[in-house]
Amino acid sequence: MKTEAIILENDFVKLVPLSLENFQYLYSIAKQPKLVQYSPSAIETPAALENYVKIALQHQDAETSIPFIVYDKRISSYAGSTRFMNINWKNKTLEIGATWIGREFHGTGLNTQMKALMLQYAFTTLHMEKIEFRIDERNIASRKAVEKLGCVLEGVLRNNVYLLDGFKRNTCCYGLLKEEWLMVDG
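Remember, predicted model here, so these are calculated numbers, not experimental data.

Reading the values: rules and limits
- Residues numbered from 1 in each chain as written.
- Predicted model: local features only at pLDDT ≥ 70, side-chain atom pairs only at ≥ 80, totals over all residues.
- Heavy atoms only, no water.
- Phe/Tyr/Trp six-rings, centres within 6.5 Å; stacked < 30°, edge-to-face > 60°.
- Helix = DSSP H or I, 4+ residues; strand = E, 2+ residues; numbered from the N terminus.
- Buried < 20%, exposed > 50% of the residue type's maximum accessible area, 1.4 Å probe, protein only.
- Salt bridge = Lys/Arg side-chain N within 4 Å of Asp/Glu carboxyl O.

Draft legend 1. Quick look at the packing of aromatic side chains. Evaluation of the coordinates by the stated rule reveals seven aromatic pairs. Geometrically, the ring pair formed by F23 and Y27 is edge-to-face, given 5.7 Å between the ring centres and 90° between the ring planes. Ring centres of F68 and F84 lie 5.7 Å apart, and the angle between their planes is 75°; on these two criteria the pair is classed as edge-to-face. Taken together, the residues span a long stretch of sequence, with F68 in strand β3 (residues 65-72) and F84 in strand β4 (residues 77-88) at a distance of 16 residues. Like F84, F68 is buried. Each member of the aromatic cluster is reached from another via a ring pair, and the members are Y25, Y71 and Y78.

Draft legend 2. Highlighting unusual backbone geometry. Of note, the phi angle at K34 is positive, near 55°, even though the residue is not glycine. Along the chain, K34 turns up in the loop between α1 (27-30) and α2 (46-61). Phi at E63 takes a positive value of approximately 60°, unusual for a residue other than glycine. You can see E63 is positioned in the loop between α2 and β3.

Draft legend 3. Summary view of the pattern of salt bridges. Tallying each qualifying case throughout the model produces nine salt bridges. The closest approach of N and O atoms between E9 and K73, which form a salt bridge, is 2.8 Å. Of this pair, E9 sits in strand β1 (residues 8-9) while K73 is found in the loop between β3 and β4, placing the two residues 64 residues apart along the sequence. In this structure K73 comes out as partly exposed when scored by relative accessible area, which is 29%. Notably, a salt bridge pairs E129 with K92, separated by 3.9 Å at the nearest N-O pair. With a gap of 37 residues between them, E129 in the loop between α3 (110-124) and β6 (130-136) and K92 in the loop between β4 and β5 (93-101) connect regions that are remote in the sequence. Owing to a relative accessible area of 43%, E129 belongs among the partly exposed residues under this scheme. One network of salt bridges, in which partners are shared, links E95, K130, E132, R134 and E154.

Next comes the structure, spelled out in structure tokens:
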């Protein structure tokens, strides 16, 4: 299976497979109000979070997703979740998304560390040629974060995703080609 359980880690962060056995470590983070305000996903209650994980695991079984639980090694604490998603093996593209970490982890460099691990793995082990990020147009912090990684804004999908509050967002599509990543990372 192309989406077998993998663990990615460095000195700062450890990404382990998200599962029905470990997702409960995220309850206290997932219940933070409006943590995923720019996302169409519901995670704030234990039942909603369990459903979120079940859907992620269904996508993993279909080999289109690899979900992770995020562990901050510096403070020995679970921090959130992220995943490789919309994996297209034929065209060698995927998205890094469904990322959310507790507010106490914002601005600590944790997100940058986990994205660096994921980019490295996607390009070198999964042999992807392009990585994409889809971000609510209003989410300036996330947009700046992917721009720092070298991602290029490729376009905006207008009014394409309904959020939980009924708002229909515009989605910024960012991309990073393998050769661009090699220039930044190399």
